[in-house]
There are 2 protein chains.
Amino acid sequence: MNLEKRGLSERKKQILKAIVNAHIEGGEPVGSKYILQNQQLGCSSATIRNEMAELEEMGYLEQPHASAGRVPSELGYRFYVDTLIERYAMTTGEIAQINNLLKAKIGELDQILLAASHLASNLTNYTGIAIKPRVRSVSISKFETIYLEPDHFILVAVTSTGAVKSKHVRVERAVTQATVARLATALNEHLTGLTADEITLPIIMETEAQMGADASAVGTVIKIVYGLLSELDEGEMRVSGIDRLLQYPEYSDVGQLQELLGTLEKKDDILDLVSRSENEGINVLIGSESEVKVMNNSALVFKPIVQNGKTVGAIGILGPRRMDYAKVLATLEGLSGNIADIIHANKQLNGGDHNGGNENNGG
Amino acid sequence: MNLEKRGLSERKKQILKAIVNAHIEGGEPVGSKYILQNQQLGCSSATIRNEMAELEEMGYLEQPHASAGRVPSELGYRFYVDTLIERYAMTTGEIAQINNLLKAKIGELDQILLAASHLASNLTNYTGIAIKPRVRSVSISKFETIYLEPDHFILVAVTSTGAVKSKHVRVERAVTQATVARLATALNEHLTGLTADEITLPIIMETEAQMGADASAVGTVIKIVYGLLSELDEGEMRVSGIDRLLQYPEYSDVGQLQELLGTLEKKDDILDLVSRSENEGINVLIGSESEVKVMNNSALVFKPIVQNGKTVGAIGILGPRRMDYAKVLATLEGLSGNIADIIHANKQLNGGDHNGGNENNGG
DNA sequence: ATTAGCACTCCAACAAAAAGAGTGCTAAAA
DNA sequence: TTTTAGCACTCTTTTTGTTGGAGTGCTAAT
């Protein structure tokens, strides 16, 4: 017992792992008898009980009430995810499913993320989340205008991350096709690479000067550009497969469920959490490790999608604290590998090796 | 009793209305005693009981069990919505809220619909739905290309409904800025106004011919255009405020709730329903009136957004069958009026009168 | 046609009892 | 010193029974 100060005995590890696995599968507290029957550790249930009592004392297990089985504590899950978990190998079927669905969606990042989170939800049977994080500083790398009618054109902006945004623009004074083309040029010369904060009055005035007689449209457009940039700042989050949560008994309490759904609706908390993360590997947040109040018996696992050193998106899984971490980690890794392939270049998808490291981040 | 064959007596109407109102508010079966105390109809509870028994026989009321109060049947709600409902006037506060939020979102239809459904959910305290219906035939009215790198440009398409879609395009053989500009011209000349089905091989060949030496890119782009058109065909549906459902006791049964959430996740059923609707007024679907299985104790109210005679979107409310129809109808009407203002022209919002007719459509 | 009165039904809530699962502890065995 | 069998104990879950109340339907009188 003294020598266990700095680590768990092999037997304790085996018991803890068995308990976590059993609880992940069944959701019920696990008793010594069950362990006895399902593990070969050549000792009696009484010994197991003793070990369990010690594991509880050490903080890895909890007892829902005086005479129930044991349930893994938050610390127990942490230890499990960090050291005990056995890597889950995706089946060829799953890999094929990923490839097929994502291949069909080669396109804008938004759609890829959405499809991926859907897929993640399907494969893991938990709730999937697709996130475009808030970013401190997006800028626009290219403007284009599309003339429609004398008082009506479309402003298209390509952002530094490659996303394309557009807005209809209506102006008071009629403009010509040539004018809106000149406008695009002017915008490209003065506003590219600037964040919302950097669009200052002098810059606006320069742009207006360049447009000469047609300066009146500039004000309207700048306002729209500004709004566009702030929109991009806001981030976005979409949820898929909420219905899957309901199959887990931890969410059969309506109050709890309502709180959780509320958090998913509000989006802010999770969006913040993901946007602030600096871990580019897989993030695993178990229960109260995250500041999001509601998560107490839930867990959030997410993987940022990084492009040129910048986090441009994330896919995640939300589920009960006792989720099947092995499967979730493998799924998110597989998916993010494929997404990386797609966005870095439109090269052929081949399901190759994307062992994206199994880094975990507690709190 | 004979003369009631073709209509309900005034007293029956009053009783029915009182029962529906009471049940909408409380969610509990309503008894004769309650009616006696809350309505001035100068008769005893025994008489009310008799009337209630007859209303039940006629199919307007139901009894959950032998000795409970009465609950409105589906037919009862239908009758209520069609003839008994009292128009609800939006408060100035609500009108102001609508104007402020929508004003801020002047932009693409998607965003307006999303904001509106959010708002509808907030105002009514039920779940809001924003829908872009499947449409038989979308075409593209204008193409534009944005050159980025020699093997990489962006294709922007403006659809016949004014929506803007874009796709990144990567090509094998390097192209110049001039080439992508010519490509846009070629696409505009050959593909505008065509639906996905109408893009035939001859047309493709003509386009390729026009591009001469750069024909190789045409194939890639056509595939993308095709995908883009089918995407537009698919329709879209976004849900907001699911958490609000949980406050109503009819959704405290996990099984029921799961089915409902499943329907909302799948989107297909509701999307079909809305896409196929030909009623441009407010549609009210109560319980099993819709083919969507799950709705049995739910109701869906939605209002198409029509532009140039075409349904370009819809906003809706999903809630318990006993929802506050008066409020829901008023809210959707108010919102759709404002949306119409915004999309028809960017004229100033003024919260003016949009009495969009109170048409109802039973199954 | 309406109403008072009453017996009847059914549900909901509570209480008590029984069943079960799992533990902790003790004393003996390895 | 560690392990184990055995058993009493605790706490939950399920079952069963009881009671109270709400609301109806019916009958007989108005």
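If you're wondering where the values come from, they're calculated on a predicted model, not measured in any experiment. (Residues numbered from 1 in each chain as written. Chains lettered and ligands numbered in written order. Predicted model: local features only at pLDDT ≥ 70, side-chain atom pairs only at ≥ 80, totals over all residues. Heavy atoms only, no water.)

J.: When you look at the confidence of the model for chain A in this model, what are you seeing that I'm missing?
T.: The predicted structure's coordinates, where accompanied by low pLDDT, should not be read in detail. Residues and elements named next belong to chain A. This prediction gives chain A a mean pLDDT of 88; 91% of its residues lie at or above 70. Scored below 50 in pLDDT, residues 1-5 makes five contacts in the model with residues more than four places away or belonging to other chains. The model gives residues 346-363 a pLDDT under 50, and that stretch makes 42 contacts with residues more than four places away or in other chains. (pLDDT = per-residue confidence, 0-100. Contact = heavy atoms within 4.5 Å.)

J.: Please clarify how the relation of the copies chain A and chain B should be interpreted in this entry.
T.: Superposing the two chain copies requires a rotation about an axis and a translation along that axis. Expressed as a screw transformation, the operator carrying chain A onto chain B has a rotation angle of 179 degrees and an axial translation of 0.1 Å, and the superposed copies differ by an RMSD of 0.2 Å. Here the symmetry operator amounts to a two-fold rotation axis. (Least-squares fit on C-alpha atoms with pLDDT ≥ 70 in both.)

J.: What is the right way to look at the protein's contact with DNA strand C in this model?
T.: Around DNA strand C sit 20 residues, and of these A:Ser32, A:Arg70, B:Ser44, B:Thr47 and B:Ser67 come closest. For DNA strand C, the backbone portion of the atoms within 4 Å of the protein, that is sugar and phosphate, comes to 73%. Elements represented by at least two residues in the surface near DNA strand C include exactly α3 (45-57) of chain A together with α3 (45-58) of chain B. Top element by residues in the surface near DNA strand C is α3(B). It accounts for four residues. Partitioning the surface near DNA strand C into residue classes produces five nonpolar, 11 polar and four charged. (Near = heavy atom within 4 Å. Helix = DSSP H or I, 4+ residues; strand = E, 2+ residues; numbered from the N terminus. Nonpolar A, V, L, I, M, F, W, Y, C, P; charged D, E, K, R; others polar.)

J.: Teacher, can you tell me more about the packing of aromatic side chains here?
T.: Residues and elements named next belong to chain B. Using the criterion set out here, one finds six aromatic pairs over all chains in the structure. The interplanar angle of 55 degrees and the centroid separation of 6.0 Å between the aromatic rings of Tyr77 and Tyr325 together place this pair among those described as tilted. One end of the pair, Tyr77, is in helix α4 (residues 74-84); the other, Tyr325, is in helix α12 (residues 325-344), with 248 residues separating them in the sequence. Comparing Tyr77 with Tyr325 shows no difference in burial state: the two are buried. (Phe/Tyr/Trp six-rings, centres within 6.5 Å; stacked < 30°, edge-to-face > 60°. Buried < 20%, exposed > 50% of the residue type's maximum accessible area, 1.4 Å probe, protein only.)

J.: Would you take a moment to explain the sheet that holds strand β4 (residues 140-149) of chain A for this structure?
T.: Across a sheet, strands are paired by hydrogen bonds formed along the backbone, either parallel or antiparallel in direction. Residues and elements named next belong to chain A. Read from one edge to the other, the open sheet built from three strands follows the order β4-β5-β6, with strand pairing classed as antiparallel. If you trace the sheet from one side to the other, it starts and ends with β4 and β6 (164-170), each paired once. When strand polarity is set aside, the average angle formed by the axes of neighbouring strands in this sheet is 20 degrees. Here strand β5 (residues 152-159) pairs with β6 via seven bridges, running antiparallel. In the sheet register, Val158 faces β6, and the bridge partner there is Val164. With respect to the sheet, helix α7 (residues 177-190) is in contact with β4 and β5, its orientation differing from that of β4 by roughly 170 degrees. (Pairing = 2+ DSSP bridges. Axes fitted to C-alpha atoms, helices over the stretch in contact; angles between N-to-C directions.)

J.: Where do I start with the nonpolar core in this structure?
T.: A general tendency of soluble globular proteins is for nonpolar side chains to be buried together. In this structure, A:Leu102, A:Tyr325, B:Leu102 and B:Tyr325 are the most contacted members of the largest nonpolar core, which totals 158 residues. The greatest single-element share of this core, amounting to 10 residues, is contributed by helix α12 (residues 325-344) of chain A. The residues touching A:Tyr325, leaving out its near neighbours within four places in the chain, are A:Ile24, A:Tyr77, A:Tyr80, A:Val81, A:Ile85, A:Val284, A:Ile286, A:Ala299 and A:Val301. Counting residues in each nonpolar core, the second largest holds 31 residues, with A:Tyr147, A:Ala217, A:Leu228 and A:Leu229 among its members. (Core = buried A, V, L, I, M, F, W, Y, C linked by side-chain atoms within 4.5 Å.)

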